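The primary structure of each chain is shown beneath.
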Amino acid sequence: MDKTKKAVLLVQATRELLNDGRVIILERQVNYHNSTLGEILVKGKTFDTIELPWKDNKKNISCIPPGVYTWQKIKRTSNGKNALYIRGVKDRTEILIHYGTMPQHSEGCILLPQYERFHTMLNTKGLLYICH
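Reading the values: rules and limits
- Residues numbered from 1 in each chain as written.
- Predicted model: local features only at pLDDT ≥ 70, side-chain atom pairs only at ≥ 80, totals over all residues.
- Heavy atoms only, no water.
- Helix = DSSP H or I, 4+ residues; strand = E, 2+ residues; numbered from the N terminus.
- Rg over C-alpha atoms; globule rule 2.2 N^0.38 Å.
- Contact = heavy atoms within 4.5 Å.
- Areas by Shrake-Rupley, 256 points an atom, 1.4 Å probe, with all protein chains shown as cover.
- Lys, Arg positive; Asp, Glu negative; His and termini not counted.
- Charge placed at Lys NZ, Arg CZ, Asp CG, Glu CD.
- Salt bridge = Lys/Arg side-chain N within 4 Å of Asp/Glu carboxyl O.
- Buried < 20%, exposed > 50% of the residue type's maximum accessible area, 1.4 Å probe, protein only.
- Pairing = 2+ DSSP bridges.

S.K.: Any chance you could break down the overall build of the chain for me, citing the residues and the numbers?
M.R.: A count of helices and strands for the chain gives two helices and eight strands. The secondary structure elements of the chain, listed N-terminal to C-terminal, are α-β-β-β-β-β-β-β-α-β. A compact globule built from 132 residues would reach a C-alpha radius of gyration of about 14 Å, and the chain, at 15 Å, matches this within 12%. By its C-alpha atoms, the chain is 50 × 30 × 25 Å across when sized along the principal axes. Excluding contacts between residues fewer than 6 apart, the proportion of contacts in the chain whose partners are at least 24 apart in sequence is 48%. Of the roughly 8,000 Å² that the chain leaves accessible, carbon and sulfur atoms contribute 53%. Across the chain, 20 positive and 12 negative side-chain charges occur, with their mean positions spaced 4 Å apart.

S.K.: Describe in detail the pattern of salt bridges, supporting the description with residues and values.
M.R.: Close approach of charged atoms allows side chains of opposite charge to pair. In total, this model carries two salt bridges according to the counting rule given. The partner of Arg-22 in a salt bridge is Asp-20, with the nearest N and O atoms 2.5 Å apart. Note on Asp-20: relative accessible area 26%, which makes it partly exposed. One salt bridge connects Arg-28 with Glu-51, and the closest N-O pair in it is separated by 2.8 Å. With Arg-28 in strand S1 (residues 23-31) and Glu-51 in strand S3 (residues 45-51), this pair connects stretches of sequence that are 23 residues apart. Judged by its relative accessible area of 5%, Arg-28 is buried.

S.K.: Lay out the pairing of strand S4 (residues 67-75) in plain terms, naming residues and giving numbers.
M.R.: Bridge count between S4 and strand S8 (residues 125-131): six bridges; the pairing is antiparallel. Across the sheet, the residue bridging to Thr-70 is Leu-127, located in S8. Bridge analysis of S4 against strand S5 (residues 82-87) gives six bridges, and the strand direction is antiparallel. Its bridge partner being in S5, Gln-72 is matched across the sheet by Tyr-85. Between the antiparallel neighbours S4 and S5 lie six residues, among them Gly-80 with a positive phi of about 75 degrees.

Pasting the structure below:
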């Protein structure tokens, strides 16, 4: 198989993953002293995100580092609401993507004001790519 054919197949495979709700891309756009704002892309739709500011990945006060992580849909034990559990974050546990509208609603999680709409577009598990 030549390089062009491989590239085309890779693009097609990536498009399929993006369109079936298994790949989520988070682009961080603005960093403030008390928050980090960005957008999540899934199935061609964007959703605003709110995170804590970057503070060297410190537990409960920092957003997580850029990278590739796995996620799985869950029901939160604290309130029974939908969330995504993020796995593979170095030196961190219990990182979620869930509903929230202010950085104070987070202890390191990724918040989405339109979480329920976002949740319905997803498969049961997949990959999260966080870039700056």
